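# Residue-level structure breakdown
The lines below spell out each chain.
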Amino acid sequence: MHSAITYNIKPGHEDEIAAIFSPQNFVRADTSVLRDENGTEVGRIHGTGLFIRDGFMVRVIHHEGDIRAVGRHMASQQGVKAAERQLEPYLEVPRDTATAEKFRRYFQTSLMDRLQDRSLSERPGEIAAFRHQIKPGKAEEIARVFQQLPKAEDPALRDRTGDVTGAILGVALFLHGDSIVRAVRYQGSFEDLGRFMADWPQRPILEQKLAPYLDEEPARDRDEFLANFQANALRRISSLTTHDHVAV
């Protein structure tokens, strides 16, 4: 399962915020296991990615178990508490996360609406996130378009020579105001991910179906799609998987 939470931040502070969550400064948790109030294991965080652009920041979480358990887990982590304090000067709207209860309340209200969630494999992987502007009131139509798409018959990522370098593991779509965020979980390189998406046979069909609902021009050819792929990608400032033996 994939979930996402948003942060309203002041534009122009990407580097300062990235520094807060850098491996040198952020204290990671020592477990990815989720537990309930009685200490019983109820799930696991497989990976997270934190993304930013201008005044928009989103954390995508790949997990099993109830999202409330994720919020409970994060509220108990000292690294998260320290990062929350350091984020305060950069928040557009102040918030009170001083106690675990207040953090969990904020966490629940910051969850993005999930329009699609599709896993081809539950293996942990890197996460990429792309932001697209939509026309007002068109979220349901966009959700239907993605829900009707067939799964990729061959999710393998390939390099320029055609050798397999990784795979698409899962995709999810989230709504926030007039934006949708498309998250892709994968193994391999970001460049090979772009090549896969550009050459995917369903890509022209998808763009044609989405065109009436997006507040942006569709790509006219493969080269323009790759340019849009880069332009719509959010900057990833933190990435963790269970392969790191920790979770946030």
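Fair warning: this is a prediction, and the values are worked out from it, not measured in the lab. (Residues numbered from 1 in each chain as written. Predicted model: local features only at pLDDT ≥ 70, side-chain atom pairs only at ≥ 80, totals over all residues. Heavy atoms only, no water.)

### Observations regarding helix α8 (residues 222–232)
The test is simple: To sort residues, take the accessible area from a 1.4 Å probe on protein chains only and compare it with the maximum for the residue type: under 20% means buried, over 50% means exposed, and anything in between is partly exposed. Helix numbering and strand numbering both begin at the N terminus, where a helix is a DSSP run of H or I of at least 4 residues and a strand a DSSP run of E of at least 2. When we speak of the arc, we mean the arc of directions from the helix axis to the C-beta atoms. Whether two residues touch is decided by their heavy atoms; if any such pair falls within 4.5 Å, the residues are in contact. In the analysis that follows, any N or O atom pair within 3.5 Å is treated as a polar contact, provided that within protein one partner can donate a hydrogen and the other can accept it, and provided that, for residues neighboring in sequence, both atoms belong to side chains.
Within the span of α8, buried status applies to F225, F229 and N232. Taken end-on, α8 shows its buried residues confined to a sector of 85°, consistent with a single buried face. Each element contacted by the buried residues of α8 is listed here: β3 (41–53), β6 (126–133), α6 (190–199) and α7 (203–210). If you check the start of α8, you find a side-chain oxygen 3.3 Å away from the backbone N of D223, and it comes from D221.

### Re α7
Of all the residues in α7, the buried ones are R203, L206, E207 and L210. Buried residues of α7, seen end-on, are gathered within an arc of 95° and therefore sit on one face of the element. Those residues of α7 that are buried are in contact with α5 (139–147), β9 (179–187), α6 and α8.

### Focus on the confidence of the model for the protein chain
Our working definition: Values of pLDDT, the confidence the predictor places in each residue, fall between 0 and 100.
Within the protein chain, residue pLDDT values average 88, and 97% of them lie at 70 or more. Element-level pLDDT for the protein chain is lowest in helix α4 (residues 100–109), with a mean of 83, against a maximum mean of 95 in strand β7 (residues 156–158).

### Details of the nonpolar core
What counts is decided by this rule: Nonpolar core, defined: a set of buried Ala, Val, Leu, Ile, Met, Phe, Trp, Tyr and Cys residues in which side-chain atoms within 4.5 Å join the residues together.
The biggest cluster of nonpolar side chains holds 29 residues, and the ones touching the most others in it are I142, I180 and L193. Looking at this core, the elements with two or more residues in it are β6, α5, β8 (164–176), β9, α6, α7 and α8. Per element, the largest residue contribution to this core is five residues, and it comes from α5. Judged by nonpolar contacts, the second largest core, of 28 residues, contains I17, L34, I52 and A75.

### As for the packing of aromatic side chains
The cut-off we apply is this: Stacked, edge-to-face and tilted labels apply to pairs of Phe, Tyr and Trp rings (six-membered ring for Trp) whose centres lie within 6.5 Å, assigned for plane angles under 30 degrees, over 60, and everything in between, in that order.
All told, the structure shown has eight aromatic pairs when counted by the stated rule. Ring geometry for F130 against F190: centres 6.2 Å apart, planes inclined by 15°, an arrangement best described as stacked. Taken together, the residues F130 in strand β6 and F190 in helix α6 connect sequence positions 60 residues apart. What makes F130 buried here is its relative accessible area of 2%. Consider the rings of F225 and F229, whose centres lie 6.4 Å apart with planes at 35°: the pair is tilted.

### Concerning the packing of α6 against α8
Keep this limit in mind: Fitting a line to C-alpha atoms yields each axis, with helices limited to the stretch in contact; the angle taken between N-to-C directions then spans 0 to 180 degrees. Small angles under 35 degrees read as roughly parallel and large ones over 145 as roughly antiparallel, with 65 to 115 read as roughly perpendicular and the rest as oblique. Crossings are sorted by hand: turned counterclockwise from the far helix by less than a right angle, the near helix makes the crossing left-handed, and turned clockwise it makes it right-handed. Residue polarity follows a fixed list, in which Ala, Val, Leu, Ile, Met, Phe, Trp, Tyr, Cys and Pro are nonpolar, Asp, Glu, Lys and Arg are charged, and the others, Gly among them, are polar.
At a closest axis distance of 10 Å, the pairing of α6 and α8 adopts a crossing angle of 135°. Judged on the interaxial angle alone, α8 and α6 are oblique. For the element pair α6 and α8, the recorded crossing hand is right-handed. Residues F190, L193, G194, R195, M197, A198 and D199 of α6 pack against R222, F225, L226, F229 and Q230 of α8. A per-class count over the contact of α6 with α8 returns seven nonpolar, two polar and three charged.

### Here's the deal with the environment of R220
On the secondary structure map, R220 appears in the loop between α7 and α8. For R220, a relative accessible area of 73% translates into the label exposed. With 16 residues separating them in the primary sequence, R220 and P204 have C-alpha atoms 9.1 Å apart. Within the structure, R220 has its side chain in polar contact with the side chain of E224 (distance 2.7 Å).

### A closer look at the environment of D159
Note on placement: D159 falls in the loop between β7 and β8. We classify D159 as partly exposed; its relative accessible area is 23%. Counting along the chain gives 30 residues from D159 to S189, while the straight-line C-alpha distance between them is 8.7 Å. Side-chain polar atoms of D159 contact the side chain of T161, separated by 2.6 Å.

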